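Residue strings, one per chain:
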Amino acid sequence: MADIIQTLILGLALGGVFALMGSGLSLVFGVMRIVNLAHPVLIIAGAYVAYWGFRLYGIDPLMMLPVAIVILAAIGVVLYKLVFEREARSAKYSEMTVLLTFAIAMIVEGALGGFFSNTQRVTSPDYATDAIFIGDVFIPTGQLYAGILSLIIISLLALFLKYSSFGYAIRATTQNREAAELLGVNVNRVALVSFAIGIGLAGAAGCLVSFVFSFFPAKHWEWIAVLMSLVVLGGMGSLLGTVVASFLLSVIAAFVGTYVGATWSTMTFFLALFLILLVRPQGLFGEKPELA
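Cut-offs applied
- Residues numbered from 1 in each chain as written.
- Predicted model: local features only at pLDDT ≥ 70, side-chain atom pairs only at ≥ 80, totals over all residues.
- Heavy atoms only, no water.
- Helix = DSSP H or I, 4+ residues; strand = E, 2+ residues; numbered from the N terminus.
- Buried < 20%, exposed > 50% of the residue type's maximum accessible area, 1.4 Å probe, protein only.
- Contact = heavy atoms within 4.5 Å.
- Lys, Arg positive; Asp, Glu negative; His and termini not counted.
- Charge placed at Lys NZ, Arg CZ, Asp CG, Glu CD.
- Core = buried A, V, L, I, M, F, W, Y, C linked by side-chain atoms within 4.5 Å.
- Pairing = 2+ DSSP bridges.
- Salt bridge = Lys/Arg side-chain N within 4 Å of Asp/Glu carboxyl O.
- Expected span 1.5 Å × (residues − 1).
- Phe/Tyr/Trp six-rings, centres within 6.5 Å; stacked < 30°, edge-to-face > 60°.

Draft legend 1. Quick look at the overall build of the chain. When its secondary structure is counted, the chain shows 12 helices and two strands. Reading the chain from its N end, one meets helices and strands in the order α-α-α-α-β-β-α-α-α-α-α-α-α-α. The buried share of the chain, taken over its 292 residues, is 51%. For the chain, the share of sequence-separated contacts (at least 6 apart) that also reach a separation of at least 24 residues comes to 76%. Separation of charge centres in the chain, based on 14 positive and 14 negative side chains, amounts to 9 Å.

Next up, the structure:
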């Protein structure tokens with residue numbers, strides 16, 4: 001029983017981090033239908049911001065979180081204005097964004113590799129290796145902090161989307177872009193701000209990832225299928241679905257890693273992505289597409 005509880009705790013702790021990693025990807029797709037394959041490498045860019053602050057100035061990765069959000073959000077604004085804005089009304093927009101974001105991922109990976117090399121890095125604040133013991137089980141302090149902070153950030157995002165006037169505009173654009181525009185919503189500004197928020201969330205996730213996982217520029221290729229499985233299982237564009245899917249798959253992966261083998265743990269996400277596309281393509285909380 002202690003082993004089961006321990007595995008469940010580890011799965012839940014990582015579930016919060018995965019939820020934050022996938023939330024920005026889900027938001028960007030929900031508002032603009034951008035399939036952002038560059039999202040994982042931008043998370044790694046956020047991790048390098050935390051690493052830079054910790055290594056050079058001894059700043060705690062959690063204190064670097066606002067800095068990473070601002071830097072990545074600014075990068076998001078530049079990327080949207082240069083790459084995505086002009087073709088936003090194209091009928092093949094989603095398909096085009098797959099290729100565009102793939103190219104962006106390659107460029108960012110090359111830039112990070114040039115600056116930092118492909119050596120594995122990790123920030124190592126004191127709490128990253130500490131643990132809280134409760135009887136026969138323990139809770140890794142680093143994962144606990146990362147999971148709690150992830151849920152706080154996601155909750156703030158959810159409150160912003162639900163209760164702010166701009167949040168109403170974002171949700172209206174997500175549901176029906178044309179109808180929102182007819183009602184006076186500036187969909188171009190909504191898209192720009194939403195993209196900046198989504199990339200800013202990648203920066204926040206990167207700071208937490210920096211002391212939970214080791215990372216290097218090419219690491220993002222391992223995370224693409226993981227994040228896509230979370231977003232697809234939850235329902236493309238559904239923030240709640242992404243959170244539920246993150247905890248569900250993280251716990252399943254933890255049990256698979258413990259009782260089957262660590263090699264098979266990551267396979268859980270690949271298998272989930274395959275099955276959900278085969279059985280329920282709209283995901284748990286997504287809307288079933290209407291047939292013409």
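Okay, back to it.
Draft legend 2. Structural context of the nonpolar core. Membership of the largest hydrophobic core comes to 85 residues, with the highest contact counts inside it found for Leu-20, Met-21, Met-32, Ile-43, Tyr-80 and Phe-195. With 15 residues, helix α8 (residues 187-212) is the single largest residue contributor to this core. For Met-32, the residues in contact, after removing those within four places along its chain, are Tyr-80, Tyr-93, Ala-191, Ser-194 and Phe-195.

Draft legend 3. Highlighting the environment of Val-256. Turning to its location among the elements, Val-256 is positioned in helix α10 (residues 239-259). Note: C-alpha distance between Val-256 and Thr-268 (12 residues apart in sequence) is 7.6 Å. Each residue touching Val-256, except ones within four places of it in the same chain, is listed here: Gly-261, Trp-264, Ser-265 and Thr-268.

Draft legend 4. Representation of the pairing of strand β2 (residues 137-140) within the structure. As paired elements, strand β1 (residues 131-134) and β2 share four bridges and run antiparallel to each other. Its bridge partner being in β2, Ile-134 is matched across the sheet by Val-137. In this antiparallel pair of consecutive strands, β1 and β2, the connection spans two residues, and Gly-135 shows a positive phi of 65 degrees.

Draft legend 5. Quick look at the pattern of salt bridges. In this structure the tally under the stated criterion is two salt bridges. Put simply, Glu-85 and Lys-81 hold a salt bridge, and the shortest N to O gap is 3.2 Å. Taking relative accessible area as the criterion, Glu-85 reaches 25% and is therefore assigned partly exposed. Close ionic contact of Glu-222 with Lys-219 constitutes a salt bridge, the shortest N to O distance being 3.3 Å.

Draft legend 6. Main features of helix α5 (residues 141-163). Taking 1.5 Å per residue, 23 residues should reach 33 Å; α5 reaches 33 Å between its end C-alpha atoms and fits that length. Buried within α5 we find Thr-141, Gly-142, Gln-143, Ala-146, Gly-147, Ser-150, Ile-153, Ile-154, Leu-157 and Leu-161.

Draft legend 7. Broad picture of the environment of Glu-109. Along the chain, Glu-109 falls in helix α4 (residues 93-116). A residue is classified by how much of its surface remains accessible, and Glu-109, at 16% relative accessible area, is buried. Sequence-wise, Glu-109 and Tyr-127 are 18 residues apart; in three dimensions their C-alpha atoms are separated by 29 Å. Setting aside residues no more than four positions away along its own chain, Glu-109 makes contact with Val-41, Pro-217, Ala-218, His-220 and Trp-221.

Draft legend 8. Highlighting the packing of aromatic side chains. Applying the stated criterion across every chain yields a total of 15 aromatic pairs. For the pair Phe-102 and Trp-221, a centre-to-centre distance of 5.6 Å together with 50 degrees between the ring planes defines the contact as tilted. Of the two residues, Phe-102 is situated in helix α4 and Trp-221 in helix α9 (residues 220-234); the sequence distance between them amounts to 119 residues. Relative accessible area serves as the criterion here: at 40%, Phe-102 is assigned to the partly exposed category. With a centroid separation of 5.9 Å and an interplanar angle of 45 degrees, the aromatic rings of Phe-133 and Phe-138 are classed as tilted. Under the relative-accessibility criterion, Phe-133 is labelled exposed at 62%. Given a relative accessible area of 30%, Phe-138 falls into the partly exposed group. Three or more aromatic residues joined by ring pairs make a cluster, and in this case those are Phe-18, Phe-213, Trp-223 and Phe-269.

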